[in-house]
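# Per-entry structural report
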Amino acid sequence: MAITKIVVDRNVCIGATPCVFAAGTVFEMDGDNKAILKQKNGVKTSGPAERSQLEDEAVADDTLMAAAQSCPVRAISLFDETGKQVYP
Ligand code: SF4
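First things first, this report covers the structure right here in the doc. Keep in mind the model is a prediction, meaning the values are calculated, not measured.

As a further point, take unusual backbone geometry. One can expect most non-glycine residues to show negative phi and most peptide bonds to be in trans. The amide bond that connects Gly-47 to the next residue, Pro-48, takes the cis arrangement and shows omega of 5°. At the junction of Tyr-87 and Pro-88, the peptide bond is cis and its omega measures out at -5° in the coordinates. Here Pro-88 shows up in the segment after strand S7 (85-87). Located in the positive-phi region is Asn-41, a residue other than glycine, with phi close to 60°. Looking at the element boundaries, Asn-41 is found in the loop between strand S3 (35-38) and strand S4 (44-45). Its identity as a non-glycine residue notwithstanding, Arg-74 has a phi of 55°, on the positive side. Mapped onto the secondary structure, Arg-74 falls in the loop between helix H2 (61-70) and strand S6 (76-80). Take Arg-74: there are 12 C-beta atoms within 10 Å of it, and that puts it in the exposed class.

Structure (structure tokens):
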């Protein structure tokens with residue numbers, strides 16, 4: 001299994017920020033206090049983002065999973081290369 005797509009549900013995100021502490025090369029907060037994904041060419045959206053679009057595309061799956069699991073409201077969804085949702 002490899003995590004290839006990440007999405008933050010902005011309607012669910014409450015700006016609690018543990019995702020940023022767990023994976024600071026991937027997540028940061030925007031001006032609305034919602035988590036966004038740091039992507040290439042300075043693109044910063046809540047996704048969906050393919051891993052290949054990430055600034056840190058070499059980030060470990062475990063780090064992405066830890067970030068998603070740290071979210072108290074399960075706002076971060078992860079998908080594998082087959083399109084299957086692997087979290088939550
Ligand atoms: S941990 Fe969840 S609620 Fe907190 S900022 Fe990240 S996505 Fe939003």
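Here the narrative resumes, following the displayed structure.
Take the pairing of S6 next. Looking at chain direction, strand S1 (residues 3-8) and S6 are connected through five bridges and run antiparallel. Note that in S6 the partner of Lys-5 across the bridge is Phe-79. In this sheet, S7 lies alongside S6 in antiparallel orientation, the contact comprising two bridges. Its bridge partner being in S7, Phe-79 is matched across the sheet by Gln-85. Where S6 hands over to S7, the hairpin turn is made up of four residues, of which Gly-83 adopts a positive phi near 90°.

Another point: the sheet that holds S6. Reading across from one edge, S5-S1-S6-S7 is the order of the four strands in this open sheet, with antiparallel pairing throughout. Because the sheet does not close on itself, it has two edges, and the strands there are strand S5 (49-50) and S7. On top of the sheet, H2 reaches S1, S6 and S7; it is set at about 150° to S6, its chief contact.

Here is what the cut-offs are and how they apply
Residues numbered from 1 in each chain as written. Predicted model: local features only at pLDDT ≥ 70, side-chain atom pairs only at ≥ 80, totals over all residues. Helix = DSSP H or I, 4+ residues; strand = E, 2+ residues; numbered from the N terminus. Buried ≥ 20, exposed ≤ 12 C-beta atoms within 10 Å, placed from the backbone. Pairing = 2+ DSSP bridges. Contact = placed C-beta atoms within 7 Å. Axes fitted to C-alpha atoms, helices over the stretch in contact; angles between N-to-C directions.

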